[in-house]
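Listed here are the chains, written in short residue letters.
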Amino acid sequence: MLRLERNQGVRLCDGLTRREAMRIGGLGLGGLSLPGLLRLQAQAAESVAEGRAPGFGRAKSVIIFSTNGGTAQMDSFDPKPDAPAEVRGTWKPINTSVPGVTLNEHLPRLAKLQHKTAILRAIHHNQTLHPSAIYLTLCGDLIGRVVTPESATMSRDDKPHFGSVVSKLLPVKPDLPGFVMLPEAMGPNGPEWPGQFAGFLGSGYDPYRVNSFPGQPGYSPGALASDPELPAARLGNRRLLLDQIGHTASRLDKVAAATNLDPHYLKAFDVISSPAAQRAFDVEAEPAEVRERYGDHYFGQCCLLARRLVEAGVRLVQINWLRSNIGGGGGPGYDTHQNHFALTRDQLYPPTDLAFTALLEDLDERGLLDETLVYFHNEFGRTPKVNPRGGRDHWPSCYSTLLAGGGIKGGAVYGASDKIGAYPAADPVTPQDVLATIYHALGIDVETHLYDQLNRPHKLVKGDPIRAILA
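Since the structure is predicted, the reported quantities are computational estimates derived from the model, not experimental observations. (Residues numbered from 1 in each chain as written. Predicted model: local features only at pLDDT ≥ 70, side-chain atom pairs only at ≥ 80, totals over all residues. Heavy atoms only, no water.)

Chemist: Explain the overall build of the protein chain to me, please; I cannot follow it from the model alone.
Modeler: A count of helices and strands for the protein chain gives 15 helices and 16 strands. The burial tally for the protein chain puts 57% of its 471 residues in the buried class. Relative to all contacts within the protein chain whose residues are 6 or more apart in sequence, the contacts with residues 24 or more apart total 75%. Entry remark: accessible area of the protein chain is about 18,900 Å², with carbon and sulfur atoms responsible for 51%. (Helix = DSSP H or I, 4+ residues; strand = E, 2+ residues; numbered from the N terminus. Buried < 20%, exposed > 50% of the residue type's maximum accessible area, 1.4 Å probe, protein only. Contact = heavy atoms within 4.5 Å. Areas by Shrake-Rupley, 256 points an atom, 1.4 Å probe, with all protein chains shown as cover.)

Chemist: Quick question: what am I supposed to make of the packing of aromatic side chains here?
Modeler: The relation between two aromatic rings is expressed through the spacing of the ring centres and the mutual angle of the planes. Within the structure shown, the criterion is met by 15 aromatic pairs. A centroid spacing of 5.3 Å and a plane angle of 80 degrees characterise the contact between Trp321 and Tyr334, whose relative ring orientation is edge-to-face. On the criterion of sequence distance, the pair formed by Trp321 in the loop between β7 (316-320) and α14 (340-365) and Tyr334 in the loop between β7 and α14 is long-range, its members being 13 residues apart. Note on accessibility: Trp321 and Tyr334 belong to one class, buried. Through a chain of ring-to-ring contacts, the aromatic side chains of Phe65, Phe77, Trp91, Tyr298, Phe299, Trp321, Tyr334, Phe341, Tyr349, Phe356 and Phe376 assemble into a single cluster. (Phe/Tyr/Trp six-rings, centres within 6.5 Å; stacked < 30°, edge-to-face > 60°.)

Chemist: I keep staring at unusual backbone geometry and nothing clicks. Help me out?
Modeler: Glycine aside, negative phi is the norm for most residues, and most peptide bonds take the trans geometry. Geometrically, the link from Leu182 to Pro183 is a cis peptide bond, its omega value of -10 degrees lying close to zero. For Pro183, the location among the structural elements is in the loop between β5 (179-182) and β6 (208-209). Although it is not a glycine, Asp427 sits at a positive phi angle of roughly 50 degrees. Of note, Asp427 is situated in the loop between β14 (424-426) and α15 (431-441). Look at Asp427 and you get partly exposed, because its relative accessible area is 40%.

Chemist: I keep staring at empty space enclosed by the protein and nothing clicks. Help me out?
Modeler: The gaps of empty space that remain are located by a probe, the size of a water molecule, rolled over the atoms. A full pass over the atoms with the stated rule returns 5 cavities of 30 Å³ or more. Its volume calculated, the largest cavity comes out at about 70 Å³. Forming the boundary of the largest cavity are Met74, Asp75, Pro79, Lys80, Pro81, Arg88, Trp91, Lys92, Pro93 and Asn104. Among the residues forming the lining of the largest cavity, the class breakdown is 5 nonpolar, 1 polar and 4 charged. (1 Å grid on protein atoms, 1.4 Å probe; cavity = no way out; pocket = protein on both sides within 12 Å on 5 of 7 lines; lining within 4 Å. Points joined across faces, edges and corners; volume = space filled by probe spheres on them. Nonpolar A, V, L, I, M, F, W, Y, C, P; charged D, E, K, R; others polar.)

Chemist: Any chance you could explain the side chain of Ser132 here in plain terms?
Modeler: For Ser132, the location among the structural elements is in helix α6 (residues 130-139). From its side chain, Ser132 meets the backbone oxygen of Leu129 in a polar contact 3.3 Å long. Setting aside residues up to four positions removed in sequence, Ser132 forms contacts with Gln127 and Val147. (Polar contact = N/O pair within 3.5 Å; in protein donor to acceptor, adjacent residues only side chain to side chain.)

Chemist: I tried to follow the sheet that holds strand β11 (residues 399-404) on my own but got confused; where do I start?
Modeler: One key point about sheets: their strands pair by backbone hydrogen bonds, in either a parallel or an antiparallel sense. Strand order across the open sheet formed by 8 strands is β6-β5-β7-β1-β8-β11-β4-β12, with mixed pairing between neighbours. The open sheet has two edge strands, β6 and β12 (413-414), and neither has a second partner. Here strand β4 (residues 117-123) pairs with β11 via 5 bridges, running antiparallel. In the strand pairing of β11, Ala118 is matched with Leu403. (Pairing = 2+ DSSP bridges.)

Chemist: Hey, could you run me through the nonpolar core in this one?
Modeler: Generally speaking, a soluble globular protein has its nonpolar side chains buried in company with each other. Formed by 52 residues in total, the largest nonpolar core has its most connected members in Leu182 and Leu309. Broken down by element, the residue count for this core peaks at 9 residues, all from helix α13 (residues 298-312). What Leu309 contacts, discounting residues up to four positions off in sequence, is Val180, Leu182, Ala280, Phe281, Val314 and Val317. Counting residues in hydrophobic clusters, the runner-up holds 50 residues, among them Ala198, Leu316, Val434 and Ile438. (Core = buried A, V, L, I, M, F, W, Y, C linked by side-chain atoms within 4.5 Å.)

Chemist: When you look at α14 in this model, what are you seeing that I'm missing?
Modeler: Working note: α-helix, 3.6 residues per turn, so residues spaced by three or four point in the same direction. An ideal rise of 1.5 Å per residue puts 38 Å on 26 residues; α14 measures up with 35 Å between its terminal C-alpha atoms. At Leu348, α14 is bent by approximately 45 degrees, the largest bend along its length, and proline Pro350 sits one to four residues beyond. Looking at the residues trailing α14, positive phi occurs at Gly367, about 75 degrees. (Expected span 1.5 Å × (residues − 1). Bend = angle between axes of the 7 residues up to and from the residue.)

Chemist: How should I be thinking about the environment of Ala412 in this particular structure?
Modeler: Within the element layout of this structure, Ala412 appears in the loop between β11 and β12. Separated by 295 residues in the primary sequence, Ala412 and Thr117 have C-alpha atoms spaced 7.0 Å apart.

Chemist: Can you walk me through the pairing of β11 in this structure?
Modeler: Where a strand is regular, its side chains alternate between the two sheet faces. The buried count for β11 comes to 6 of 6 residues, which makes it a mostly enclosed element. Side chains Tyr399, Thr401 and Leu403 of β11 all project onto a buried face; the interleaved residues Ser400, Leu402 and Ala404 project onto the opposite face, where all are buried too.

Chemist: What am I meant to see in the pattern of salt bridges here?
Modeler: Opposite charge on two side chains makes pairing possible when the charged atoms of those side chains draw close. A full pass over the atoms with the stated rule returns 25 salt bridges. Note that Asp78 is salt-bridged to Arg121, the shortest N-O span being 3.8 Å. With Asp78 in the loop between β1 (61-66) and α4 (85-88) and Arg121 in strand β4, this pair connects stretches of sequence that are 43 residues apart. Looking at Asp78, the relative accessible area reads 4%, which means it is buried. Ionic contacts of the salt-bridge type, sharing partners, join the residues Glu286, Arg307, Arg308, Glu311, Asp362 and Arg366 into one network. (Salt bridge = Lys/Arg side-chain N within 4 Å of Asp/Glu carboxyl O.)

Chemist: What should I look at first to understand the pairing of β4 in this one?
Modeler: Counting buried positions along β4 gives 7 out of 7 residues, so the element sits mostly inside the fold. With 2 bridges connecting them, β4 and β12 associate as parallel partners. Residue Leu120 lies in a different strand from β12, and its bridge partner there is Tyr414.

Shown next as C-alpha coordinates:
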(Lines give C-alpha, C1' and ligand atoms only; values in the text may rest on other atoms or scores of the structure.)
Protein backbone atom coordinates (compact mmCIF):
# COMPACT_ATOMS: atom_id res chain seq x y z
CA MET A 1 0.00 0.00 0.00
CA LEU A 2 1.30 3.45 -0.87
CA ARG A 3 1.52 6.16 1.74
CA LEU A 4 0.12 9.57 0.86
CA GLU A 5 2.40 12.42 1.78
CA ARG A 6 2.16 16.16 1.30
CA ASN A 7 3.42 17.25 -2.08
CA GLN A 8 6.93 18.63 -1.61
CA GLY A 9 7.87 18.97 -5.26
CA VAL A 10 10.29 17.10 -7.48
CA ARG A 11 13.72 17.02 -5.88
CA LEU A 12 16.76 14.78 -6.23
CA CYS A 13 19.84 14.77 -4.02
CA ASP A 14 22.97 15.91 -5.83
CA GLY A 15 24.95 13.16 -4.14
CA LEU A 16 22.80 10.36 -5.54
CA THR A 17 24.39 6.96 -4.99
CA ARG A 18 24.10 4.03 -7.38
CA ARG A 19 21.84 2.19 -4.91
CA GLU A 20 19.63 5.26 -4.51
CA ALA A 21 19.51 5.64 -8.28
CA MET A 22 18.17 2.13 -8.60
CA ARG A 23 15.45 3.05 -6.14
CA ILE A 24 14.23 6.12 -8.05
CA GLY A 25 11.48 4.13 -9.68
CA GLY A 26 10.01 3.38 -6.26
CA LEU A 27 10.06 6.94 -4.93
CA GLY A 28 6.76 8.80 -4.61
CA LEU A 29 6.85 12.50 -5.34
CA GLY A 30 4.63 13.53 -2.47
CA GLY A 31 0.94 12.82 -2.92
CA LEU A 32 1.27 13.33 -6.64
CA SER A 33 3.81 10.81 -7.89
CA LEU A 34 4.05 12.88 -11.03
CA PRO A 35 5.90 10.27 -13.09
CA GLY A 36 3.21 7.79 -12.19
CA LEU A 37 0.68 10.33 -13.39
CA LEU A 38 2.50 10.59 -16.70
CA ARG A 39 2.84 6.82 -17.03
CA LEU A 40 -0.83 6.19 -16.39
CA GLN A 41 -1.96 9.09 -18.52
CA ALA A 42 -0.07 7.48 -21.38
CA GLN A 43 -2.44 4.54 -20.98
CA ALA A 44 -5.56 6.72 -20.94
CA ALA A 45 -6.20 6.40 -24.66
CA GLU A 46 -6.76 2.69 -24.15
CA SER A 47 -9.54 3.46 -21.68
CA VAL A 48 -11.37 5.96 -23.83
CA ALA A 49 -13.02 3.30 -25.98
CA GLU A 50 -14.53 1.75 -22.84
CA GLY A 51 -15.26 4.90 -20.87
CA ARG A 52 -16.56 7.42 -23.36
CA ALA A 53 -20.01 6.75 -24.78
CA PRO A 54 -21.05 8.23 -28.13
CA GLY A 55 -23.87 10.68 -28.64
CA PHE A 56 -23.59 12.82 -25.51
CA GLY A 57 -21.14 14.85 -23.49
CA ARG A 58 -20.57 18.54 -24.22
CA ALA A 59 -18.27 19.21 -21.29
CA LYS A 60 -14.52 18.95 -21.69
CA SER A 61 -13.55 20.13 -18.22
CA VAL A 62 -15.01 20.50 -14.72
CA ILE A 63 -14.38 23.14 -12.07
CA ILE A 64 -15.65 22.13 -8.64
CA PHE A 65 -15.91 24.60 -5.77
CA SER A 66 -16.15 22.67 -2.51
CA THR A 67 -17.47 24.66 0.44
CA ASN A 68 -15.71 22.40 2.93
CA GLY A 69 -18.64 22.55 5.33
CA GLY A 70 -21.88 23.03 3.40
CA THR A 71 -24.07 26.07 2.82
CA ALA A 72 -27.44 26.29 4.54
CA GLN A 73 -30.09 25.45 1.94
CA MET A 74 -32.65 27.94 3.29
CA ASP A 75 -29.97 30.66 3.43
CA SER A 76 -28.68 30.16 -0.11
CA PHE A 77 -30.44 28.41 -3.00
CA ASP A 78 -33.76 27.47 -1.36
CA PRO A 79 -35.12 30.42 0.67
CA LYS A 80 -38.02 29.75 3.05
CA PRO A 81 -39.55 33.16 3.78
CA ASP A 82 -42.74 31.65 5.20
CA ALA A 83 -40.98 29.32 7.63
CA PRO A 84 -40.97 30.01 11.40
CA ALA A 85 -38.46 32.64 12.56
CA GLU A 86 -36.14 30.05 14.12
CA VAL A 87 -35.78 28.50 10.64
CA ARG A 88 -35.85 31.40 8.20
CA GLY A 89 -33.58 33.71 10.21
CA THR A 90 -33.50 37.40 9.37
CA TRP A 91 -32.68 37.35 5.66
CA LYS A 92 -35.01 37.85 2.74
CA PRO A 93 -35.14 36.23 -0.70
CA ILE A 94 -34.48 38.25 -3.83
CA ASN A 95 -35.68 37.71 -7.38
CA THR A 96 -33.30 36.26 -9.94
CA SER A 97 -32.97 36.46 -13.71
CA VAL A 98 -35.38 33.50 -13.87
CA PRO A 99 -39.00 34.45 -13.05
CA GLY A 100 -40.27 32.71 -9.92
CA VAL A 101 -36.84 31.61 -8.71
CA THR A 102 -35.35 33.33 -5.68
CA LEU A 103 -32.00 33.26 -3.89
CA ASN A 104 -30.69 34.69 -0.65
CA GLU A 105 -30.42 38.47 -0.64
CA HIS A 106 -26.67 38.28 0.01
CA LEU A 107 -26.04 36.55 -3.33
CA PRO A 108 -27.06 39.43 -5.64
CA ARG A 109 -24.53 38.77 -8.40
CA LEU A 110 -25.38 35.10 -8.58
CA ALA A 111 -29.08 35.98 -8.73
CA LYS A 112 -28.42 37.92 -11.93
CA LEU A 113 -26.83 34.82 -13.48
CA GLN A 114 -29.54 32.34 -12.51
CA HIS A 115 -30.41 31.85 -16.19
CA LYS A 116 -26.93 30.35 -16.59
CA THR A 117 -27.20 27.88 -13.70
CA ALA A 118 -29.32 24.95 -12.53
CA ILE A 119 -30.33 24.37 -8.91
CA LEU A 120 -30.90 21.01 -7.26
CA ARG A 121 -33.05 21.51 -4.16
CA ALA A 122 -33.63 17.97 -2.90
CA ILE A 123 -30.29 16.18 -2.61
CA HIS A 124 -30.18 13.80 0.32
CA HIS A 125 -28.06 11.15 2.05
CA ASN A 126 -27.45 10.00 5.63
CA GLN A 127 -23.78 10.77 6.30
CA THR A 128 -23.51 13.43 9.02
CA LEU A 129 -19.70 13.64 9.40
CA HIS A 130 -17.43 15.56 7.05
CA PRO A 131 -15.10 12.67 6.09
CA SER A 132 -17.85 10.19 5.21
CA ALA A 133 -19.99 12.85 3.52
CA ILE A 134 -17.11 14.14 1.42
CA TYR A 135 -16.21 10.58 0.43
CA LEU A 136 -19.79 9.85 -0.62
CA THR A 137 -20.26 13.06 -2.58
CA LEU A 138 -16.88 12.98 -4.36
CA CYS A 139 -16.41 9.23 -4.82
CA GLY A 140 -20.04 8.17 -5.14
CA ASP A 141 -20.09 5.43 -2.50
CA LEU A 142 -20.15 4.80 1.23
CA ILE A 143 -16.70 4.67 2.72
CA GLY A 144 -17.18 1.23 4.27
CA ARG A 145 -15.10 1.88 7.39
CA VAL A 146 -15.46 3.87 10.59
CA VAL A 147 -14.06 7.40 10.31
CA THR A 148 -14.08 10.51 12.46
CA PRO A 149 -12.99 14.05 11.56
CA GLU A 150 -9.93 13.67 13.79
CA SER A 151 -8.78 10.19 12.69
CA ALA A 152 -9.96 9.76 9.10
CA THR A 153 -7.17 9.07 6.63
CA MET A 154 -6.98 8.26 2.95
CA SER A 155 -6.30 4.69 1.88
CA ARG A 156 -5.27 3.07 -1.40
CA ASP A 157 -8.19 0.71 -0.89
CA ASP A 158 -10.61 3.64 -1.22
CA LYS A 159 -12.66 4.36 -4.31
CA PRO A 160 -11.25 7.19 -6.42
CA HIS A 161 -12.33 10.82 -6.47
CA PHE A 162 -14.31 11.44 -9.64
CA GLY A 163 -11.57 13.79 -10.85
CA SER A 164 -9.14 10.90 -10.81
CA VAL A 165 -11.64 8.83 -12.77
CA VAL A 166 -11.97 11.60 -15.34
CA SER A 167 -8.17 11.74 -15.65
CA LYS A 168 -8.11 8.02 -16.31
CA LEU A 169 -10.98 7.73 -18.75
CA LEU A 170 -10.45 10.85 -20.84
CA PRO A 171 -7.22 11.80 -22.62
CA VAL A 172 -5.18 14.61 -21.09
CA LYS A 173 -2.45 16.83 -22.44
CA PRO A 174 1.00 15.32 -21.86
CA ASP A 175 2.49 18.55 -20.51
CA LEU A 176 -0.30 19.29 -18.00
CA PRO A 177 -1.84 17.45 -15.05
CA GLY A 178 -5.31 16.03 -15.63
CA PHE A 179 -6.64 16.86 -12.15
CA VAL A 180 -5.54 19.81 -9.99
CA MET A 181 -6.56 20.52 -6.38
CA LEU A 182 -6.02 23.90 -4.77
CA PRO A 183 -5.16 25.61 -2.53
CA GLU A 184 -4.99 22.58 -0.20
CA ALA A 185 -6.90 19.42 0.67
CA MET A 186 -9.80 19.38 3.13
CA GLY A 187 -9.15 18.26 6.69
CA PRO A 188 -8.85 21.27 9.01
CA ASN A 189 -8.73 19.34 12.28
CA GLY A 190 -5.97 16.86 11.49
CA PRO A 191 -5.55 14.27 8.71
CA GLU A 192 -6.67 15.07 5.19
CA TRP A 193 -10.09 13.50 4.79
CA PRO A 194 -10.79 10.47 2.56
CA GLY A 195 -12.20 10.88 -0.92
CA GLN A 196 -9.66 13.41 -2.17
CA PHE A 197 -7.31 11.27 -4.21
CA ALA A 198 -7.20 8.37 -6.65
CA GLY A 199 -7.58 5.52 -4.14
CA PHE A 200 -7.23 2.13 -5.81
CA LEU A 201 -6.48 3.69 -9.21
CA GLY A 202 -3.00 4.44 -7.89
CA SER A 203 -0.90 7.52 -7.30
CA GLY A 204 -0.59 8.24 -11.01
CA TYR A 205 -4.13 9.64 -10.94
CA ASP A 206 -3.87 11.56 -7.68
CA PRO A 207 -4.69 15.26 -7.98
CA TYR A 208 -1.85 17.63 -8.66
CA ARG A 209 -1.62 19.46 -5.33
CA VAL A 210 -0.79 23.14 -5.47
CA ASN A 211 -0.54 23.57 -1.66
CA SER A 212 -0.09 27.30 -2.08
CA PHE A 213 -2.24 30.41 -2.37
CA PRO A 214 -2.50 32.02 -5.81
CA GLY A 215 -2.03 35.75 -5.74
CA GLN A 216 -0.51 35.73 -2.25
CA PRO A 217 3.16 36.30 -1.26
CA GLY A 218 5.16 33.10 -1.59
CA TYR A 219 2.79 31.50 -4.11
CA SER A 220 4.44 28.65 -5.98
CA PRO A 221 2.45 26.27 -8.19
CA GLY A 222 3.42 23.11 -6.34
CA ALA A 223 5.81 20.65 -7.90
CA LEU A 224 5.54 22.30 -11.30
CA ALA A 225 7.80 25.01 -9.99
CA SER A 226 11.31 23.74 -9.54
CA ASP A 227 13.36 24.97 -6.60
CA PRO A 228 13.52 28.77 -7.16
CA GLU A 229 17.16 28.66 -6.06
CA LEU A 230 17.98 25.90 -8.55
CA PRO A 231 19.50 27.30 -11.77
CA ALA A 232 18.08 25.99 -15.02
CA ALA A 233 21.46 24.49 -15.93
CA ARG A 234 21.54 22.52 -12.69
CA LEU A 235 18.03 21.23 -13.28
CA GLY A 236 19.15 20.19 -16.75
CA ASN A 237 22.11 18.34 -15.26
CA ARG A 238 19.76 16.41 -13.00
CA ARG A 239 17.69 15.38 -15.97
CA LEU A 240 20.86 14.28 -17.78
CA LEU A 241 21.71 12.21 -14.71
CA LEU A 242 18.35 10.48 -14.93
CA ASP A 243 18.91 9.87 -18.62
CA GLN A 244 22.22 8.21 -17.85
CA ILE A 245 20.62 6.12 -15.12
CA GLY A 246 17.93 5.06 -17.56
CA HIS A 247 20.49 3.90 -20.12
CA THR A 248 22.36 1.99 -17.42
CA ALA A 249 19.16 0.39 -16.16
CA SER A 250 18.28 -0.78 -19.66
CA ARG A 251 21.49 -2.84 -19.64
CA LEU A 252 20.71 -4.17 -16.19
CA ASP A 253 17.18 -5.34 -16.84
CA LYS A 254 17.86 -8.57 -14.98
CA VAL A 255 18.49 -6.65 -11.77
CA ALA A 256 15.23 -6.42 -9.84
CA ALA A 257 15.88 -2.96 -8.48
CA ALA A 258 16.72 -1.63 -11.91
CA THR A 259 13.48 -2.88 -13.40
CA ASN A 260 11.61 -0.50 -11.10
CA LEU A 261 13.15 2.51 -12.78
CA ASP A 262 10.30 4.30 -14.49
CA PRO A 263 10.99 6.20 -17.72
CA HIS A 264 8.22 8.62 -16.74
CA TYR A 265 10.54 10.05 -14.08
CA LEU A 266 12.51 11.40 -17.02
CA LYS A 267 9.39 12.89 -18.55
CA ALA A 268 8.50 14.46 -15.21
CA PHE A 269 11.33 16.92 -15.74
CA ASP A 270 9.77 17.94 -19.03
CA VAL A 271 6.51 18.72 -17.22
CA ILE A 272 8.33 20.72 -14.55
CA SER A 273 9.85 22.91 -17.22
CA SER A 274 6.89 22.79 -19.61
CA PRO A 275 6.14 26.31 -20.90
CA ALA A 276 2.44 25.40 -21.17
CA ALA A 277 2.29 24.35 -17.52
CA GLN A 278 4.24 27.35 -16.31
CA ARG A 279 1.97 29.71 -18.23
CA ALA A 280 -1.20 28.06 -16.99
CA PHE A 281 -0.21 28.33 -13.32
CA ASP A 282 1.00 31.94 -13.58
CA VAL A 283 -1.95 34.01 -12.33
CA GLU A 284 0.25 37.10 -12.27
CA ALA A 285 0.23 37.00 -16.07
CA GLU A 286 -3.39 38.17 -15.96
CA PRO A 287 -4.11 41.90 -16.35
CA ALA A 288 -4.67 43.74 -13.09
CA GLU A 289 -8.31 44.47 -13.94
CA VAL A 290 -9.01 40.75 -14.45
CA ARG A 291 -7.44 39.82 -11.12
CA GLU A 292 -9.42 42.57 -9.42
CA ARG A 293 -12.61 41.29 -11.02
CA TYR A 294 -12.21 37.98 -9.17
CA GLY A 295 -11.36 39.63 -5.86
CA ASP A 296 -8.20 40.26 -3.89
CA HIS A 297 -8.45 37.12 -1.77
CA TYR A 298 -7.23 33.54 -2.10
CA PHE A 299 -10.64 32.20 -3.20
CA GLY A 300 -10.96 34.74 -5.99
CA GLN A 301 -7.46 34.05 -7.25
CA CYS A 302 -8.09 30.29 -7.04
CA CYS A 303 -11.13 30.76 -9.28
CA LEU A 304 -9.01 32.76 -11.71
CA LEU A 305 -6.34 30.07 -11.68
CA ALA A 306 -9.01 27.43 -12.31
CA ARG A 307 -10.12 29.33 -15.41
CA ARG A 308 -6.53 29.51 -16.65
CA LEU A 309 -6.04 25.79 -16.07
CA VAL A 310 -9.13 24.60 -17.93
CA GLU A 311 -8.37 27.09 -20.70
CA ALA A 312 -4.95 25.42 -21.02
CA GLY A 313 -6.52 21.95 -21.13
CA VAL A 314 -6.65 20.62 -17.55
CA ARG A 315 -9.64 18.27 -17.20
CA LEU A 316 -10.71 18.93 -13.62
CA VAL A 317 -9.86 21.60 -11.05
CA GLN A 318 -11.12 21.47 -7.47
CA ILE A 319 -11.10 24.60 -5.31
CA ASN A 320 -11.49 23.95 -1.58
CA TRP A 321 -12.67 26.69 0.75
CA LEU A 322 -9.89 27.18 3.27
CA ARG A 323 -10.83 26.76 6.91
CA SER A 324 -9.44 25.67 10.25
CA ASN A 325 -11.19 24.96 13.52
CA ILE A 326 -7.97 24.80 15.51
CA GLY A 327 -6.62 28.32 15.28
CA GLY A 328 -5.18 28.27 11.76
CA GLY A 329 -5.98 30.50 8.82
CA GLY A 330 -9.44 30.56 7.35
CA GLY A 331 -11.58 30.26 10.48
CA PRO A 332 -14.59 27.93 10.46
CA GLY A 333 -15.48 28.70 6.85
CA TYR A 334 -18.82 27.26 5.76
CA ASP A 335 -18.96 24.93 8.77
CA THR A 336 -20.99 27.49 10.69
CA HIS A 337 -21.93 25.76 13.94
CA GLN A 338 -22.05 29.13 15.64
CA ASN A 339 -22.44 32.79 14.67
CA HIS A 340 -23.81 31.53 11.35
CA PHE A 341 -25.52 34.69 10.12
CA ALA A 342 -22.70 37.16 10.76
CA LEU A 343 -20.04 34.82 9.35
CA THR A 344 -22.05 34.08 6.24
CA ARG A 345 -23.03 37.70 5.60
CA ASP A 346 -19.62 39.27 6.29
CA GLN A 347 -16.96 36.64 5.48
CA LEU A 348 -18.40 33.90 3.28
CA TYR A 349 -20.93 35.22 0.79
CA PRO A 350 -19.15 38.42 -0.37
CA PRO A 351 -16.04 36.67 -1.79
CA THR A 352 -18.07 33.69 -2.96
CA ASP A 353 -20.65 35.79 -4.78
CA LEU A 354 -17.95 37.94 -6.40
CA ALA A 355 -15.50 35.24 -7.46
CA PHE A 356 -17.98 32.54 -8.44
CA THR A 357 -19.90 34.89 -10.72
CA ALA A 358 -16.67 36.34 -12.13
CA LEU A 359 -15.67 32.79 -13.03
CA LEU A 360 -18.98 32.08 -14.77
CA GLU A 361 -18.92 35.38 -16.67
CA ASP A 362 -15.28 35.04 -17.65
CA LEU A 363 -15.79 31.50 -18.95
CA ASP A 364 -18.85 32.64 -20.86
CA GLU A 365 -17.11 35.63 -22.43
CA ARG A 366 -14.23 33.41 -23.56
CA GLY A 367 -16.55 30.83 -25.10
CA LEU A 368 -15.55 28.24 -22.49
CA LEU A 369 -18.69 27.92 -20.37
CA ASP A 370 -20.47 25.60 -22.79
CA GLU A 371 -17.60 23.11 -22.49
CA THR A 372 -16.77 23.67 -18.80
CA LEU A 373 -19.11 22.29 -16.15
CA VAL A 374 -18.97 24.32 -12.92
CA TYR A 375 -20.13 22.53 -9.77
CA PHE A 376 -20.88 24.29 -6.46
CA HIS A 377 -20.30 21.33 -4.14
CA ASN A 378 -21.76 20.91 -0.64
CA GLU A 379 -21.15 17.68 1.25
CA PHE A 380 -24.42 18.35 3.11
CA GLY A 381 -26.68 21.21 4.17
CA ARG A 382 -27.33 22.78 7.55
CA THR A 383 -30.02 22.19 10.15
CA PRO A 384 -33.30 24.02 9.51
CA LYS A 385 -33.52 25.15 13.11
CA VAL A 386 -30.87 27.53 14.42
CA ASN A 387 -29.01 26.10 17.42
CA PRO A 388 -28.52 27.92 20.77
CA ARG A 389 -25.12 29.23 19.59
CA GLY A 390 -26.67 31.02 16.65
CA GLY A 391 -25.38 28.40 14.23
CA ARG A 392 -26.61 25.65 11.98
CA ASP A 393 -25.29 22.10 12.31
CA HIS A 394 -24.75 19.33 9.72
CA TRP A 395 -27.88 18.25 7.83
CA PRO A 396 -27.62 15.68 5.00
CA SER A 397 -31.35 14.84 4.84
CA CYS A 398 -32.05 17.60 2.31
CA TYR A 399 -29.81 20.26 0.81
CA SER A 400 -29.19 22.29 -2.33
CA THR A 401 -26.41 22.74 -4.82
CA LEU A 402 -25.80 24.46 -8.12
CA LEU A 403 -24.33 23.49 -11.50
CA ALA A 404 -23.64 25.52 -14.64
CA GLY A 405 -22.16 25.22 -18.11
CA GLY A 406 -20.93 22.05 -19.80
CA GLY A 407 -24.33 20.94 -21.10
CA ILE A 408 -26.31 21.93 -17.99
CA LYS A 409 -29.67 23.60 -18.68
CA GLY A 410 -29.53 27.20 -17.51
CA GLY A 411 -32.42 28.43 -15.37
CA ALA A 412 -33.52 24.94 -14.37
CA VAL A 413 -34.67 24.12 -10.83
CA TYR A 414 -35.09 20.45 -10.00
CA GLY A 415 -36.52 19.03 -6.81
CA ALA A 416 -38.22 20.70 -3.90
CA SER A 417 -37.89 20.57 -0.13
CA ASP A 418 -40.62 20.77 2.48
CA LYS A 419 -41.72 24.06 4.04
CA ILE A 420 -38.67 24.30 6.33
CA GLY A 421 -36.05 22.76 4.05
CA ALA A 422 -35.71 19.64 6.18
CA TYR A 423 -36.66 16.81 3.80
CA PRO A 424 -37.32 16.33 0.08
CA ALA A 425 -40.88 17.05 -0.99
CA ALA A 426 -40.47 16.32 -4.72
CA ASP A 427 -37.93 14.76 -7.08
CA PRO A 428 -35.23 13.74 -4.58
CA VAL A 429 -31.77 12.88 -5.87
CA THR A 430 -28.61 11.43 -4.34
CA PRO A 431 -24.96 12.49 -4.55
CA GLN A 432 -24.48 9.48 -6.84
CA ASP A 433 -27.06 10.96 -9.23
CA VAL A 434 -25.15 14.25 -9.24
CA LEU A 435 -21.90 12.46 -10.12
CA ALA A 436 -23.69 10.43 -12.79
CA THR A 437 -24.90 13.73 -14.27
CA ILE A 438 -21.36 15.09 -14.37
CA TYR A 439 -20.00 11.90 -15.95
CA HIS A 440 -22.79 12.01 -18.53
CA ALA A 441 -22.06 15.66 -19.32
CA LEU A 442 -18.43 14.66 -19.92
CA GLY A 443 -19.47 11.87 -22.26
CA ILE A 444 -18.49 9.07 -19.87
CA ASP A 445 -20.83 6.09 -19.76
CA VAL A 446 -22.04 5.61 -16.17
CA GLU A 447 -22.09 1.84 -16.75
CA THR A 448 -18.29 1.84 -17.08
CA HIS A 449 -16.40 -0.36 -14.62
CA LEU A 450 -13.15 0.48 -12.86
CA TYR A 451 -10.71 -2.16 -11.64
CA ASP A 452 -8.86 -2.05 -8.34
CA GLN A 453 -5.37 -3.33 -7.58
CA LEU A 454 -6.71 -6.90 -7.28
CA ASN A 455 -8.46 -6.55 -10.65
CA ARG A 456 -11.90 -6.54 -9.06
CA PRO A 457 -14.57 -4.61 -11.01
CA HIS A 458 -16.31 -1.60 -9.50
CA LYS A 459 -19.19 0.15 -11.23
CA LEU A 460 -18.32 3.75 -11.95
CA VAL A 461 -21.25 5.15 -9.98
CA LYS A 462 -24.54 3.77 -8.68
CA GLY A 463 -26.65 6.67 -9.82
CA ASP A 464 -28.56 7.99 -12.82
CA PRO A 465 -28.03 11.24 -14.74
CA ILE A 466 -30.56 13.95 -13.83
CA ARG A 467 -31.83 14.47 -17.35
CA ALA A 468 -34.14 17.34 -16.39
CA ILE A 469 -31.13 19.64 -15.97
CA LEU A 470 -29.22 18.45 -19.05
CA ALA A 471 -29.49 20.68 -22.09
